[in-house]
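Fold and contact review
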Amino acid sequence: MIEDKLREVYGIDKFGKEVPQSIEEIKYEFVDYFMKDKLLEAKVWINEFYRVLEEVKERLKIYGVVYSKEMKSFLEDPRRHLVKKLFIYFHDLIRGIITPEEFIRKGKQAITSSFNSNMRSIYQSWGLLSILISLSEKGYTLIYPEHRYIDLDRNGKQKVGIIPPNVVVGNVFNSFSFFLEAPRPISWEDGGDLERVWKFYSLVRPDMLIYRGVEVNIVDMNGDIPIKRPDYIVEFKELEGWWKRSRYLKEYKPLSGNEWRARWLKGLYEGLAEVLGVKSEETPKFEEAVNKRIKEYKVIELYKAIYKPKLGIVISRVSVDPAIKEDLGEGIVMVDDVGFSKEKVEEVVKAIGGEVSVSQMDIKELALKFAMSRREEFLKWLKENMNLSLEEYFE
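Residues numbered from 1 in each chain as written. Predicted model: local features only at pLDDT ≥ 70, side-chain atom pairs only at ≥ 80, totals over all residues. Heavy atoms only, no water.

Under the criterion given, the structure shown has 17 aromatic pairs. Aromatic pair Tyr 33 and Phe 34: ring centres 4.9 Å apart, planes at 85 degrees, arrangement edge-to-face. Taking the relative accessible area as the measure of exposure, Phe 34 reaches 24% and is therefore partly exposed. By way of ring pairs, the aromatic residues Phe 30, Tyr 33, Phe 34, Phe 90 and Phe 103 are connected into one cluster. (Phe/Tyr/Trp six-rings, centres within 6.5 Å; stacked < 30°, edge-to-face > 60°. Buried < 20%, exposed > 50% of the residue type's maximum accessible area, 1.4 Å probe, protein only.)

See the structure below:
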């Protein structure tokens, strides 16, 4: 039993300096004990992700994708990745700081949270890449990024004060800009800056925003939300029975730069006190935000009310109770039982208008684009048929 092995190593080294490799193996046994079946499922999801990745590389002529450090580690070795999450707790266990029972509780929570977070990232990324594949089949090509590496990691991308897209694709008719996990806070330096960008901290964040056209920066501080309004918002739901769950949303009150710094110092001090095993002295008290409980399937309605897109879309990996679909508000589309089906993703592409009909075409605009793409032939045609010399208009 894993509990017995944990008791054997509890408090064996007061300083945690000398830890035999045989003891380190207990962490692997712990992960296997609680997550063995889930790790098998993770391998299936990872294979599905890599399958669409290879197809995207071929169709959009990209060189690869950029992952977050967390996702990269999980994709390479899910088991090893979860073991890393036990490092601090296991070190505290062998030092006698926490009991085996506490280690089980905290360790299980840590690896479960990490597993769920990464599986969610994989499904979101699979969804985005699958949409890109479907669009590429309709003639869409890569517009952005120009270096042809699609970045799936948004951390740190707003440090220069802008929010760029993950990817933009287009054809002669239209284009789409995709933003995963946006918006996130942009950089600030002092209290005045923080007051200006505070809306980013308090704004709820959909899984994906989609804009028609080429959008290289969606920051817009002039409206009631700090970004340009998206045309579509998308939520990915990968868990079984996700609609039965609830989540808690915080009401954030604006912070001054000084209060933000004081909160940061308080957290640092209390964290160090816990590591050192000492009692923290008096620290400042703050009014905590109020949590509001909301049903998971109602979150998309909240997002739609705030962002006011043309359409809200829910992509569910599993089949959803029909009553739930009927209870969704107006202007929200549910695409369920998607699994890893490319055919199901086609429904999403239709919903965002990725398919172009003759009625949507502007023939004059298309003719101009065609003429300019073949400038020399066009000028020759003008000379031959209209006896005109119009080079001065095309210089």
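A sheet is described by the order of its strands in space; here 7 strands give the open sequence E2-E4-E5-E6-E7-E10-E11, paired in mixed fashion. Edge strands, defined here as strands with exactly one partner in the open sheet, are strand E2 (141-144) and strand E11 (332-335). Taken over all neighbouring pairs, the strand axes of this sheet differ in orientation by 25 degrees on average, direction set aside. Sheet analysis places strand E6 (residues 208-212) next to strand E7 (residues 232-237), joined by 3 bridges and oriented antiparallel. Looking at the pairing, Leu 209 lines up with Ile 233 of E7. Across the sheet, helix H11 (residues 342-351) touches E7, strand E10 (311-316) and E11, and the angle it forms with E10 is around 175 degrees. (Pairing = 2+ DSSP bridges. Helix = DSSP H or I, 4+ residues; strand = E, 2+ residues; numbered from the N terminus. Axes fitted to C-alpha atoms, helices over the stretch in contact; angles between N-to-C directions. Contact = heavy atoms within 4.5 Å.)

Relative orientation of the contacting elements helix H3 (residues 69-76) and helix H6 (residues 100-136) amounts to 95 degrees, with a least axis distance of 10 Å. Taken together, H3 and H6 sit at an angle that is classed as roughly perpendicular. Between H3 and H6, the residues in contact are Glu 70, Met 71, Phe 74 and Leu 75 and Ser 114, Phe 115, Asn 118, Met 119, Ser 121, Ile 122 and Ser 125, respectively. Residues of the contact of H3 with H6, tallied by class, amount to 6 nonpolar, 4 polar and 1 charged. (Parallel < 35°, antiparallel > 145°, perpendicular 65-115°, else oblique. Nonpolar A, V, L, I, M, F, W, Y, C, P; charged D, E, K, R; others polar.)

It is worth stressing that arrangement in space is one thing and function is another; only the former is reported here.
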